[in-house]
Amino acid sequence: MTLNTVFTRIRSAAIFSVALSVTAFGAQTVITPPNNKYTPAQDVELGRKAAGEVEQHLPILRDEDVTSFVASIGRRVVDAIPQEFRHPEFRYSFQVVNVREINAFALPGGPMYFNRGMIEAARTEGEVAGVMAHELSHVALRHGTAQATKATKYEIGTLLGAVVGSIIGGNVGSAVAQGTQFGLGTAFLRFSREFERDADLLGSHIMAEAGYSPLEMAGMFKTIEKQGGPGGPQWLSDHPNPGDRYEYITREAQALAVRHVVRDTRAFIQAQGRLRQMAPAPTTEEATRHAAGTRGPARVPDARSGSRSGDIASPSSSYTSYSEGDLFRVSVPSNWHERPGSNAVTFAPDGAYGSGEQGSSFTHGIEIGVARNETHDLRTATDELVSTFARSNQNLSRPSSYDRVQIGGRQGLHTALSNGSSATGQQERIAVFTMLLGDGSLFFALGVAPRDRFSDYEGTFRKVIGSIEIVR
Ligand SMILES: [Zn+2]
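Values in this document were obtained by computation on a predicted structure and should not be read as measured data. (Residues numbered from 1 in each chain as written. Predicted model: local features only at pLDDT ≥ 70, side-chain atom pairs only at ≥ 80, totals over all residues. Heavy atoms only, no water.)

A word on the overall build of the protein chain
- Helix and strand counts for the protein chain stand at 15 helices and 15 strands.
- Classification of the 472 residues of the protein chain by burial places 58% in the buried group.
- Within the protein chain, contacts between residues separated by at least 24 positions form 69% of all contacts whose residues are at least 6 apart in sequence.
- Of the roughly 18,500 Å² that the protein chain leaves accessible, carbon and sulfur atoms contribute 48%. (Helix = DSSP H or I, 4+ residues; strand = E, 2+ residues; numbered from the N terminus. Buried < 20%, exposed > 50% of the residue type's maximum accessible area, 1.4 Å probe, protein only. Contact = heavy atoms within 4.5 Å. Areas by Shrake-Rupley, 256 points an atom, 1.4 Å probe, with all protein chains shown as cover.)

Below, the structure written as structure tokens:
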């Protein structure tokens, strides 16, 4: 996850393929859950805490008709989970989030959230069921904690910050680094291609058992793809198409008999009609900006003990090394502490972090991570990265020029930006370092310090960058 998602995505090619074997010609694929060092009870604990955070920040739609429609499909889908993937501890629940984006996510142990936009976009009840069947397959196979298992250094408490930060962090909070959440998705919820394939296949089995054609699940993926605006829907970046999604779902469907076919879909039509009568849903950003605004100063970092720049200790001259997944190694001042975020890791001194669970908000220190970069050259990718930060940091300046730097033995770019920190109200400077990895994704580091302390920090950022070794 987190942290590891980051790293998970990067090394997905190296992940040992989840046991996936076809037993016989024409038979359905046998699916095996991946290795997992956590217990099902830890999935439940993690999911419950994350759900509490999610519901504090995202607007839950309180409409009996719509919610009961979603819950009734949910129960039907849950009842179709094969016996061997049931966990008696798990508690499946279904909520509708009153936001516009086409997205849905399920947390470890069972809580599931369906955006209103997803229900509005679905063409059939089976498409709604298809997204659920896929999401619940990830839950039943315990893919969230299985991903975290690959990152042995992170314990369950750290994962909570990661999962919550990844869902809401990009939309709540303040410092510039929150921009790194951009479209990168959701730690627990962003899966490797192997996990995607298994969730598609188990989802097909569940669909058939629940009385829906597995092809409707594939149909929903197509519906989602068609809706893709700039950058595509979040759901697809969290659930990447392994490449031949429609083909293997279609093949699998041929091996499956659809039981107890659902014929009455009036409730679906009624639920969509009901949604059409409501005021249009806000975007997630609009909804969470409002939520953040009403939460008062508790989220401002210096509500904790002294994070004003004057109170933060200067960077230590001794350095400590960290190894981040199998992606890179880095050395940072010994008085900076590591904090994983959803697609990046932050190193910062005491008092420099934003509050609690939101992940990557910080006022002093450096954040290092990896961003998706579909097709672009380094310069374009860096410009896009900065534009993404600018969406949540209205006072962020734009790069006027870049200079070349070496990062991990490769050619990279550096630029410096200024920003008005919404965390402190003070001016801050941000040193941006970027480089392309072998698979084309964008490696980045953001050094952040208040403007009046930046000259003290700049040399430290350069030293940290100079220590980076790319492992992969
Ligand atoms: Zn998925």
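Some thoughts on the coordination of the zinc ion
- Every protein donor of the zinc ion is accounted for by His-134 (NE2), His-138 (NE2), Glu-196 (OE), Glu-196 (OE) and His-239 (ND1), and the metal-donor separations fall at 1.9 to 2.3 Å.
- Site description for the zinc ion: donor spacing in sequence, H-x3-H-x57-E-x42-H. Of this pair, His-138 sits in helix H5 (residues 125-140) while Glu-196 sits in helix H8 (residues 193-210); the two residues are 58 residues apart in sequence, bridging distant segments of the chain.
- The class for Glu-196 is buried, based on a relative accessible area of 0%. (Donors = N, O, S within 2.8 Å, 3.2 Å for Na, K, Ca; no water.)

Structural notes on the pairing of strand E11 (residues 403-407)
- When E11 meets strand E12 (residues 410-420), the two strands line up antiparallel, connected through five bridges. Each bridged residue has a counterpart across the sheet, and for Asp-403 the counterpart in E12 is His-414.
- As consecutive antiparallel partners, E11 and E12 are separated by two residues, and within that stretch Gly-408 has a phi angle of approximately 55°, a positive value. (Pairing = 2+ DSSP bridges.)

Focus on the pairing of E12
- Looking at chain direction, E12 and strand E13 (residues 427-436) are connected through eight bridges and run antiparallel. Looking at E13, one finds that Leu-413 is bridged to Thr-434.

Side note on the packing of aromatic side chains
- Counting across every chain of the model gives eight aromatic pairs.
- Ring geometry for Phe-454 against Phe-461: centres 6.1 Å apart, planes inclined by 50°, an arrangement best described as tilted. Phe-461 carries the same exposure label as Phe-454, and that label is buried.
- Among the aromatic residues, ring-to-ring pairing joins Trp-336, Phe-454, Tyr-457 and Phe-461 into one connected group.
- Lying across the ring of Tyr-248, Arg-197 places its NZ or CZ 4.3 Å from the centre.
- When the ring centre of Tyr-246 is taken as reference, the NZ or CZ atom of Lys-222 above it lies at 4.4 Å. (Phe/Tyr/Trp six-rings, centres within 6.5 Å; stacked < 30°, edge-to-face > 60°. Lys NZ or Arg CZ within 6 Å of the ring centre and 35° of its normal.)

Focus on the sheet that holds strand E5 (residues 111-115)
- Taken in spatial order, the three strands line up as E3-E5-E4 in an open sheet, and their pairing is mixed. The sheet is open, and its two edges are formed by strand E3 (93-97) and strand E4 (104-106), each paired on a single side. Sheet twist, expressed as the average angle between the axes of neighbouring strands with direction ignored, equals 15°.
- Here E4 pairs with E5 via three bridges, running antiparallel. Its bridge partner being in E5, Phe-105 is matched across the sheet by Tyr-113. (Axes fitted to C-alpha atoms, helices over the stretch in contact; angles between N-to-C directions.)

Here's the deal with the confidence of the model for the protein chain
- Of the residues in the protein chain, 75% have a pLDDT of 70 or more, and the chain-wide mean is 78.
- pLDDT under 50 marks residues 1-25. Its contacts with residues more than four places away, or in other chains, come to 76 contacts.
- Confidence over residues 169-187 falls short of pLDDT 50; this stretch has 87 contacts with residues more than four positions distant or in other chains. (pLDDT = per-residue confidence, 0-100.)

Examining the environment of Val-432
- Mapping Val-432 onto the fold places it in strand E13.
- The spatial distance from the C-alpha of Val-432 to the C-alpha of Leu-413 is 8.0 Å, given a sequence separation of 19 residues.
- Here Val-432 is in contact with Thr-382, Leu-413, His-414, Thr-415, Leu-417, Ala-445 and Leu-446, once residues within four sequence places are set aside.

Comments concerning the packing of H8 against helix H9 (residues 214-226)
- Put simply, H8 and H9 touch, their axes get as near as 7 Å, and they point 130° apart. Considered as vectors, H8 and H9 are oriented oblique to each other. Contacts between H8 and H9 involve Asp-200, Gly-203, Ser-204, Met-207 and Ala-208 on the former and, on the latter, Pro-214, Glu-216, Met-217 and Phe-221.
- Considering only residue class, the contact of H8 with H9 consists of five nonpolar, two polar and two charged. (Parallel < 35°, antiparallel > 145°, perpendicular 65-115°, else oblique. Nonpolar A, V, L, I, M, F, W, Y, C, P; charged D, E, K, R; others polar.)

Considering the environment of Phe-347
- Along the chain, Phe-347 turns up in strand E9 (residues 344-349).
- Counting along the chain gives 14 residues from Phe-347 to Pro-333, while the straight-line C-alpha distance between them is 8.8 Å.

Notes on unusual backbone geometry
- In this structure, Arg-142 takes a positive phi of about 60° despite not being glycine.
- Structurally, Arg-142 can be placed in the loop between H5 and helix H6 (143-149).
- Note on Arg-142: relative accessible area 9%, which makes it buried.
- Of note in the backbone geometry, His-260 takes a positive phi value of approximately 40° without being a glycine.

Structural notes on the sheet that holds strand E6 (residues 319-324)
- Taking strand neighbours across the sheet as the criterion, the three strands line up as E6-E7-E15 in an open arrangement whose pairing is antiparallel. Strands at the two margins of the open sheet, each flanked by one partner only, are E6 and strand E15 (469-470).
- Direction of pairing for strand E7 (residues 328-333) relative to E15: antiparallel, over a ladder of two bridges. Bridging across to E15, Arg-329 finds its partner in Glu-469.
- Contacts from helix H15 (residues 454-467) reach E6, E7 and E15 within the one sheet, and its direction differs from that of E7 by about 155°.

Remarks on the pattern of salt bridges
- Using the criterion set out here, one finds 14 salt bridges in the structure.
- Its salt-bridge partner being Arg-259, residue Glu-209 comes within 3.4 Å of it at the nearest N-O pair. Of this pair, Glu-209 sits in helix H8 while Arg-259 sits in the loop between helix H11 (245-254) and helix H12 (266-277), placing them 50 residues apart in sequence.
- A single salt-bridge network, built from bridges that share partners, covers Asp-63, Asp-65 and Arg-274. (Salt bridge = Lys/Arg side-chain N within 4 Å of Asp/Glu carboxyl O.)

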